[in-house]
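# Topology and contacts: notes
Below are the chains, spelled out letter by letter.
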Amino acid sequence: MHDRVEATKVTGSSIDRPYIADVNYWNASWDEVTALANTSMYCEQWIDYSCYKSRLLNTPNGRPFGYWIGRNNESHYYWGGTFREVQKCGCTINQTCIDPKFQCNCDADYRQWHFDKGYLDFKDHLPVRKIVVGDTNRTGSEAHFTVGPLRCHGDRNIWNTIAFTKPTYITFPTFRPGSSADISFHFKTYRDHCVFLENSDDHLRNFIRVELNSTHNLMFIFMVGDGILNVTLHSPVPLNDNEWHFVQVELNVKLARIKVDYQPWAVKRFPGAANKTHRPFLGCLRGLRMNGVPLDLEGKVNEEQGIRRNCTGECLNATIPCRNSGQCIEGYASYTCDCGNTAFDGFYCHKDIGAYFEIGSWLRYNIRKKPISDEAAWANWIDPHYDNFSLGYNDTADDIEFSFSTVHTPAVLLYISSFVQDYIAIILKTDGSVDLRYKLGLITHKYQLTNRNLADGYPHYVNITRHNRTIKTQVDYMQPIVEKITLVEDARFDSPKSMFMGRVMEVGDIDYEIQRHNAPGFIGCISGVRYNVYAPLKAFFRPNETDPPVTTQGYVSESNCGAFPPVLGYVPWEADPWFTSIVIVILAVLLLFAGMYSIYVYAYQQKGSYRTNEPKNLESPSSSRPLTETLRREKKNLPHIEEEFRSD
């Protein structure tokens, strides 16, 4: 509150000698009021100017007679209810000005009481520090103004957020806690070992560190006397789940304690020792406070060093996003794609998994081994929102997608059976058109997906989504079609059992229309098959369990001949880490073989050179002919030289 909440009357002021009214805030200094606005998410302050032949902003283009002065002693020539720095009043925005030639009611200069009022809500200009009135010196001129209390909410520092995408750090002045300290911050990370913050001086007198010591252990390390001690909190849930966690740390002369989220405090009276191994933190940090004083994390942003504004890692800035509904797993310095709930494979979930079916071949994927119990079904009928827990699936939502190519008709492209009489079937009819059949309860719903001939040998894409009573279908790049199930009809797909491709080999009664299109079976290629979270071809060709729930008969081979061209384009081979790693391995093997071959060639050449340099006219030591005989024979061929001896 302040001293200008009640109306202040002003007369006798001019533009050269204005009336300047200070706004004095009670029970708080100016610095405290400014800090409140600076650290809040949102602030607003009401301002009201009532006038009788007294102009305010002198719109549209004149020198303002009145204005207000804000936080940094800056004059602002806009009024409540409008945008900042536009020299307008709120009536312009609402189009309620009494004279459309002016942008404030008071600027019409009528001999009647009018007003301009509204909220100022640009908090970097707030709070209002002074009000200036400069047009009440004419006969009969008068003005009244009021300023409402400053109202703020939200903690701006809670969302003062940065992301560490490289092994780096930021520095603040050394924190000197004295006899007590309290620290709080929020974090999210995928790393199981990292240091969040460390405070120290040259002599370790103010040593403090908070670190994640394992997936479940949060450690507070500090200096007491001449020793470094610690207190550890063991969380029952992993803390490196890449979700936000709130940490509170307190230290005083009696104890040290640490807390995360809503878990109880971990209190320990100084036993233990600290591990001084630094582990870089990769993740997001926000709302850091030391003894209640917020630290400006965003002021330390440095993209080159790997410190980003807000919690933005590589997923948001991915050059190649995860495809086909793959979930991006944030690594901050990198990212991976979780393809677990998709029908695709590869680093970006971009590699199609498909199959070729010969005549008479089929594949069955068992969704459930036994029907839904009566207790679970009854609980679901009582509380439909409880279905995910009582049933283990959502019986009012379906999501089906796949692509196929064939030149043979008719065929059942996909059939989903149930332990009751419900089923879902996508049928390729004799003329190549595609129909959808939903049997929910006693009624079979029939929808035509397209009347085009899709048995043309080219890949075609089919997508079907159902939410409650709304069914949305799409074929290729055609416009989606929306169908509705009426309120009097059942909208639950009860107790799903199996998925069939190739042919429907379900035990029991099968609808006549299904039987009519079931022979001789699907002949061709089908890819990327997914029903909700079930991907039968992926389970068959990329099993992640020892006994996948898949049964096949006939010739079913892996092939992507039915893959539909991706909407986002193909992933370049040089951008695929899986491909580049294979290339590196192949190159390494080739270099190894090349090195071994070079060694072999060199050794062979050395051996040949040794044989070439042996004396050719000497017999082998193992020869049966003595060496003296050879020398004797060679001696006979020498010319005879006679010597003459001179006698003395």
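Residues numbered from 1 in each chain as written. Predicted model: local features only at pLDDT ≥ 70, side-chain atom pairs only at ≥ 80, totals over all residues. Heavy atoms only, no water.

### Details of the overall build of the chain
The cut-off we apply is this: Strands are runs of DSSP state E lasting at least two residues, helices are runs of H or I lasting at least four, and both sets are numbered from the N terminus onward. Burial here depends on accessible area, computed with a 1.4 Å probe over protein chains only, as a share of the maximum for the residue type. Under 20% is buried, over 50% is exposed, and the range in between is partly exposed. We call two residues in contact when some of their heavy atoms are within 4.5 Å. Computed with the Shrake-Rupley method and a 1.4 Å probe, the accessible areas treat only the protein chains shown as cover for residues.
Broken down by element type, the chain carries 8 helices and 39 strands. Taking all 648 residues of the chain together, 43% fall into the buried category. Here the contacts in the chain between residues at least 6 apart in sequence split such that 66% fall between residues at least 24 apart. On the chain, roughly 35900 Å² of surface is accessible, and the fraction owed to carbon and sulfur atoms is 52%.

### A short note on the nonpolar core
Note the threshold: Buried residues of nine kinds, namely Ala, Val, Leu, Ile, Met, Phe, Trp, Tyr and Cys, make up a nonpolar core once their side-chain atoms join them within 4.5 Å.
In this structure, Phe402, Phe404 and Ile426 are the most contacted members of the largest nonpolar core, which totals 41 residues. Residues within four places of Phe404 in sequence aside, it is in contact with Leu413, Leu428, Val434, Leu454, Tyr458, Pro459, His460, Val462, Phe522, Cys525, Ile526 and Gly562. The next biggest cluster of nonpolar side chains, apart from the first, holds 33 residues, and it includes Phe187, Cys194, Val247 and Ile307.

### Description of the confidence of the model for the chain
Going by this rule: Every residue carries a pLDDT, the predictor's confidence in it, which falls somewhere between 0 and 100.
On average, residues of the chain score 83 in pLDDT, and 85% of them are at 70 or above. Looking across the chain, the model is least confident in helix H4 (residues 387-390), with a mean pLDDT of 43, and most confident in strand E26 (residues 354-357), with 96. Note on residues 616-628: pLDDT under 50 across the span, and 6 contacts to partners over four residues away in sequence or across chains. In the model, residues 641-648 has pLDDT below 50 throughout and makes 0 contacts with residues more than four positions away in sequence or in other chains.

### Observations regarding the packing of aromatic side chains
Heads up, the rule is: Note on aromatic pairs: the rings of Phe, Tyr and Trp (six-membered ring only in Trp) are paired at centre separations within 6.5 Å, and the planes decide the class, stacked below 30 degrees, edge-to-face beyond 60, tilted for the rest. Consider the ring centre and the ring normal. A charge sits over the ring if Lys NZ or Arg CZ is within 6 Å of that centre and within 35 degrees of that normal.
Throughout the structure, instances matching the rule amount to 25 aromatic pairs. Seen in terms of ring centroids, Tyr25 and Trp30 are 6.0 Å apart; in terms of plane orientation they differ by 45 degrees. Their pairing is tilted. Ring centres of Tyr335 and Tyr348 lie 6.5 Å apart, and the angle between their planes is 45 degrees; this geometry places the pair in the tilted category. Taken as a pair, Tyr335 in strand E23 (residues 335-338) and Tyr348 in the loop between strand E24 (344-345) and strand E25 (351-352) lie far apart in primary sequence, 13 residues in all. Taking relative accessible area as the criterion, Tyr335 reaches 12% and is therefore assigned buried. Ring-pair connections join several aromatic residues into one group, and the members of that group are Phe164, Phe185, Phe187, Phe196 and Phe281. The ring of Trp265 carries the charged tip of Arg257 above its face, separated from the ring centre by 3.9 Å. Sitting above the plane of the Phe172 ring, Lys300 keeps its charged end 5.0 Å from the centroid.

### Notes on the sheet that holds strand E37 (residues 524-531)
Worth spelling out the cut-off: Paired strands, as defined in this entry, are two strands with at least two bridges between them according to DSSP. Each axis is a line fitted through C-alpha atoms, and for a helix only the stretch in contact is used; angles between axes span 0 to 180 degrees, taken between their N-to-C directions.
Across the sheet, 7 strands lie side by side as E35-E34-E33-E28-E37-E26-E39; this open sheet has antiparallel pairing. Edge strands, defined here as strands with exactly one partner in the open sheet, are strand E35 (481-484) and strand E39 (556-558). Here the average twist between neighbouring strands, direction ignored, is 25 degrees. Both strand E34 (residues 470-475) and E35 contribute to a ladder of 4 bridges, which runs antiparallel. For Thr473, the partnering residue across the bridge sits in E35 and is Ile481.

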